[in-house]
Amino acid sequence: MIILWVVLALIGLPLLALGLYFLKAIVQGAVEGWRGADDSDDDADKPYELPAAAAALGLLPPEQQKKDSAGPIPAALTAALDAARAGDWQPAAALMDTTAAERDWNYRSVHSSWLANVAAEDDTWLLAWETARPDDPGAALVRARSTVALASSIRGAKRAKHTTSEQFEGFHRVMAQSREDHARAVALAVEGDPVPYSAQIATALGLGYPHAEMDRLWQEITDRAPHHFSAHYMALQYWCAKWRGSEKLARDFAAEAAAKAPLGSLMTVFPLIAHFEHDESDSADADGTPEMRALVDAALADVAAADPSHPHVVEVRHLLAYYLCLQDRDEAAVEQFRLVDGYVDALPWRYRGDPAGEFCRMRDLSVANAAEAVSG
Amino acid sequence: MGTTLRALRALLLLAGFYLLGVLLLALLAGADYLLILHAPASLSGKLVLVSVLLAIPLVRGLFMLRTPPDEEDAGLPVTEADEPELWRTVKELADEVGTTAPSRIVLTADVNAAVAEDARLLGLLPGPRRLYLGVPLLQGLSQAQLRAVLAHELGHYSNSDTRLAALTVRGRAQVLRTITHFEQRADNTAAREQAKQEKKNAKAEAKGKRAKEVDTAGAGITYRAMAQIYIGYAKLYFRATLSVSRRQEYAADAAAARIAGRDATASALREIPVLDGAFGYYMNCYATLGTGQELLPPRGEMFGGFDRMLSARQLELVEMRGGLPTGPTSPYDSHPPMAERVRRIEELPDDGRADEARGAALDLLTDARRTLTELEDAVLSEEVRAFRRTADWQELLDLVMAESFRAGTTPLHRAYVEYTKEQPTLPALLDLIEDGRLWQLAKRLPLSDEAAAAQGRVFREFVRPTLHKSLAGMALGELNARSLLRWEFSWERSAIPHLPPAADGTETDLDEVVAPAVADVPDTALLRALLAHDSQHRGAL
């Protein structure tokens, strides 16, 4: 009889203990989950309140930040985009003709990019333009870039594992078509225009052109315009580890671009972008090194010397504001934040889930710290 | 541990497999005895009852161990009088290997060669042997390669290693057969239960009651539980004997290389996976092409076409031979990875026999075409044999293609019916395209979430591949119905559709005709011209 009790005790007691342990763990987990849910609810429910100091400077809350641009859009471009959406191609054509006549490649790139995005949704107006002026270089450029934009819309902006094979298949099919459109844009290009070449970098990125092909393309671009901003921006993306290059290739490319460029060309932003694209640390230590402070100083001098009407100067200021804030140079950060407030479609905010919220959070931090420094 | 010792362990484990049930029963009985001795009567009574319930599947398991004698696989038995050359080869090889020749040769219709033995006394004693020889192997191998394959199979039964190692091979085969039999019995019980429940459901439905889900999870559970115990033990046995049987495989390979030549053996090993893949493809895409419509190729061609496909696709096969399967093998498989086996053979010194017996293995048969015909009768079921035979392969293809378009409905057909409530015809669809309503119609296609959420150009790009494929299918169907389409039968490629030639006499590319019709700015002119072809053609006559 006693042997049965011994057996029962040997088997039963450890089982009982294990059961109790699991029960405790389950209850603990449930309680924590419940509390956690409670906390996050609190956070989400708390509406953003514009701090008085920021309001005093005339800064805007997140909901008033425009999420489709890094800075104000020129009135002529806005008018051309609206006309295109309404089916009228003439203002768009006039805009493209002006940049060609003035040989303003930075604005030609900006304008063609905006127009291409509109055409990727609906190209009726572009078809009308192409019919009315069959060999128009501007229309050919917008066509090529709209095919690229269309491919990107098909793929969607999600990571590869959240992208379906149907999306990839469509992306590759349309991207492949863009090669033909690029070739036509190049054939019809205005003499000296680098934009039909720099537009091809997006296709090089999407279809994974070999490095040798990218270098050949790069030669075509720099022969025409050595310090073309958007070409450098896209090329740096190509050389990044996440696309077709590596951290080393990207950093070398950016450093070389910055070293060769004259003051005011804004090329000094690319070492900062290369750092940003490959920085995976959780702390701000890597952003406050003497080297990084020197890079920020160089970019500050560059924007100060740049033509205020340069279409990309605001993008540089966004990134400067971010790094000045991380480097605890809050007064200088506030100055840059004030100059770009109202628009958030730029690095680094563009990569975040809530660009406007992130922008305002860091801006308010710098504003508060700067005020403290003054009063202290 | 030496080979003999390892084989001895295998022998003990083999005995354990058959004694497992008895052992478990003895354990239960012992526990009951202790209970009755020590526990109060009320409790012990209940526990003894439980143990009796546990004993039932054990007893059933013991009965299941009596596997029925191995049934001969479906095939064509050939006597020495039928195939003297084949028999002579097999006997000669058995002699060289140093084992007794099989007493029967059965030709089968798969890419396989095997020597089976009705071993007696749980695999302890040898019994009569049968050689199964797949005719597709004869079609794909040279005589030297076939000699290598046969020498390998016979080599398993030679006692060149140790007497006990041969015993291990026999034991493995027997255990594997037993657990397969177990699983079949369990499946049969589940199938019976399913039939019973379905019958019940049919009755319930007849009375207007809602049918229950058919659930066979519980059925055959005692069989399955027992099978699990034995399978678990069998795995142990297989693992314990793996090294012995792998050695056996290498030894059999070495014997094959010695008897049939190094190069023939290595190339045969490379060839078998290739033939296996090719034969699967052949059966799928050629031999059974018309079985859906109860059509068969001409007599003798069902398997006879295989060697024609092989010779037509030599180039493809050369590519396939380059790679060897390297994936993990099944734990039951005694064969080491193929790549490793080939490597070991190719490392042997050159024996200068590369050019021996290069003739086709099929030539060993007295009358290959007659054998292929008889094989059909031997392996096809009576039902399949009653299917209609076509005059040739081309007729088979024509009949199958005609039917496939008659029955064929593409997603576009269904979308059209939903949109217009009318049956689709190609001219009506072209009218609709010219009206610019294709994209409205496209919204009725089965769409992914991403495609359904898309607008404008993005939406059109999402649906374009489906539209293109469906429209091309409809166009082929229409041309086929008007007898404008000719399908070319080919051993080299899949069937090639030939469209009526373009106006300038060049070959028409269907994709180029269909693409403009589903473009953003649709142009159906080319497609209409293609369909109008016959009226023009007849007008010209």
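Residues numbered from 1 in each chain as written. Chains lettered and ligands numbered in written order. Predicted model: local features only at pLDDT ≥ 70, side-chain atom pairs only at ≥ 80, totals over all residues.

1. Side note on the overall build of chain A
- Looking only at helices and strands, chain A features 18 helices and 0 strands.
- Sequence-distant contacts in chain A: of pairs separated by 6 or more residues, those separated by 24 or more amount to 67%. (Helix = DSSP H or I, 4+ residues; strand = E, 2+ residues; numbered from the N terminus. Contact = placed C-beta atoms within 7 Å.)

2. So, the overall build of chain B
- A tally of regular secondary structure across chain B gives 22 helices and 8 strands.
- Counting all 541 residues of chain B, 33% fall into the buried class.
- Nonlocal contacts in chain B, meaning residues at least 24 apart in sequence, comprise 77% of its contacts between residues at least 6 apart. (Buried ≥ 20, exposed ≤ 12 C-beta atoms within 10 Å, placed from the backbone.)

3. Quick notes on unusual backbone geometry
- Looking along the chain, the bond that leaves L347 of chain A and enters P348 of chain A is cis, with omega of 0°.
- Mapped onto the elements, P348 of chain A comes out in the loop between α17 (330–340) and α18 (355–375).
- Phi at L266 of chain A takes a positive value of approximately 70°, unusual for a residue other than glycine.
- With respect to the secondary-structure elements, L266 of chain A resides in the loop between α13 (247–260) and α14 (269–278).
- Its identity is not glycine, yet K421 of chain B carries a phi of approximately 60°, on the positive side.
- Tracing the backbone shows K421 of chain B in the loop between α15 (411–420) and α16 (426–434).
- You can call K421 of chain B exposed: it has 7 C-beta atoms within 10 Å.

4. Considering the packing of helix α12 (residues 229–239) of chain A against α13 of chain A
All names here are of chain A.
- At a minimum axis distance of 8 Å, the contact between α12 and α13 shows a crossing angle of 155°. As the angle between them shows, α12 and α13 are arranged roughly antiparallel. Crossing of α12 over α13 shows right-handed handedness. Seen from α12, the contacting residues are H232, A235, L236 and W239; seen from α13, they are L249, A250, F253, A254 and A257.
- The residue inventory of the contact of α12 with α13, partitioned by class, reads 8 nonpolar, 1 polar and no charged. (Axes fitted to C-alpha atoms, helices over the stretch in contact; angles between N-to-C directions. Parallel < 35°, antiparallel > 145°, perpendicular 65-115°, else oblique. Left-handed = near helix turned anticlockwise from the far one by under 90°. Nonpolar A, V, L, I, M, F, W, Y, C, P; charged D, E, K, R; others polar.)

5. Comments concerning helix α3 (residues 84–97) of chain B
All names here are of chain B.
- For α3, built from 14 residues, the straight-helix expectation of 20 Å at 1.5 Å per residue is met to within 8% by its first-to-last C-alpha distance of 20 Å.
- Buried within α3 are the following residues: L86, V90, L93, A94 and V97. For α3, the buried positions fall inside an angular range of 100° around the axis, keeping them on one side. Facing away from the buried side of α3 by more than 90 degrees, the exposed set consists of P84, E85 and R88.
- At the exit of α3 stands G98, carrying a positive phi of roughly 95°. (Expected span 1.5 Å × (residues − 1). Arc of directions from axis to C-beta.)

6. Quick notes on the pairing of strand β4 (residues 129–134) of chain B
Residue and element names in this part refer to chain B.
- By the criterion of burial, β4 is predominantly enclosed, with 5 of the 6 residues buried.
- In terms of strand pairing, strand β2 (residues 104–108) meets β4 through 5 bridges, oriented parallel. Bridge pairing in β4 links L107 to L133.
- Alignment of strand β3 (residues 113–117) against β4, held across 5 bridges, turns out to be antiparallel. (Pairing = 2+ DSSP bridges.)

7. Observations regarding the sheet that holds β4 of chain B
All names here are of chain B.
- With mixed pairing, 4 strands are arranged side by side in an open sheet as β1-β2-β4-β3. Two strands bound the open sheet, and with one partner strand each, they are β1 (76–78) and β3. Mean inter-strand twist for the sheet, computed between neighbouring axes without regard to direction, equals 25°.

8. Quick look at the interface of chain A and chain B
- At the interface, 16 residues of chain A touch 10 residues of chain B.
- Going through the elements one at a time, α1 (2–45), α5 (105–121), α7 (137–155) and α8 (165–188) of chain A are the ones with two or more residues in the side of chain A that touches chain B.
- Element by element, the count of residues in the side of chain A that touches chain B is highest for α8 of chain A, at 4 residues.
- Residue composition of the side of chain A that touches chain B, grouped by class: 7 nonpolar, 5 polar and 4 charged.

9. Overview of the environment of D136 of chain A
All names here are of chain A.
- Mapping D136 onto the fold places it in the loop between α6 (124–132) and α7.
- For D136 and A189, which are 53 residues apart along the polypeptide, the C-alpha to C-alpha distance reads 8.7 Å.
- When residues no more than four places from it in sequence are discounted, the contact partners of D136 are A93 and W129.

10. Regarding the confidence of the model for chain B
All names here are of chain B.
- Residues at a pLDDT of 70 or more form 80% of chain B, whose mean pLDDT is 78.
- In this model residues 206–211 is a low-confidence stretch, pLDDT under 50, and it forms 4 contacts with partners more than four residues away in sequence or in other chains.
- For the stretch residues 535–541, pLDDT sits under 50, and the model shows 0 contacts to residues farther than four places along the chain or on other chains. (pLDDT = per-residue confidence, 0-100.)

11. A few points about the packing of helix α8 (residues 262–287) of chain B against helix α10 (residues 314–322) of chain B
Residue and element names in this part refer to chain B.
- Viewed as axis vectors pointing N to C, α8 and α10 meet at an angle of 125°, and their least axial separation amounts to 9 Å. Comparing the axis directions of α8 and α10 gives the class oblique. Of the two elements, α8 crosses α10, and the hand of that crossing is right-handed. When α8 is examined against α10, the residues R270, E271, V274, G277 and A278 are found in contact with a partner set consisting of L317, M320 and R321.

12. So, the confidence of the model for chain A
- When the pLDDT values of chain A are averaged, the result is 86; 87% of them are 70 or greater.
- Across residues 38–44 of chain A, where pLDDT falls below 50, the model places 0 contacts with residues more than four positions away in sequence or in other chains.

13. Focus on the environment of D307 of chain B
- Checked against the element boundaries, D307 of chain B lands in helix α9 (residues 301–312).
- On a C-alpha basis, the gap between D307 of chain B and P136 of chain B in space is 7.9 Å, while along the polypeptide they are 171 residues apart.

14. Notes on the environment of Y281 of chain B
- Within the fold, Y281 of chain B resides in helix α8.
- In this structure, the C-alpha to C-alpha distance between Y281 of chain B and F306 of chain B, residues 25 residues apart in sequence, is 9.8 Å.

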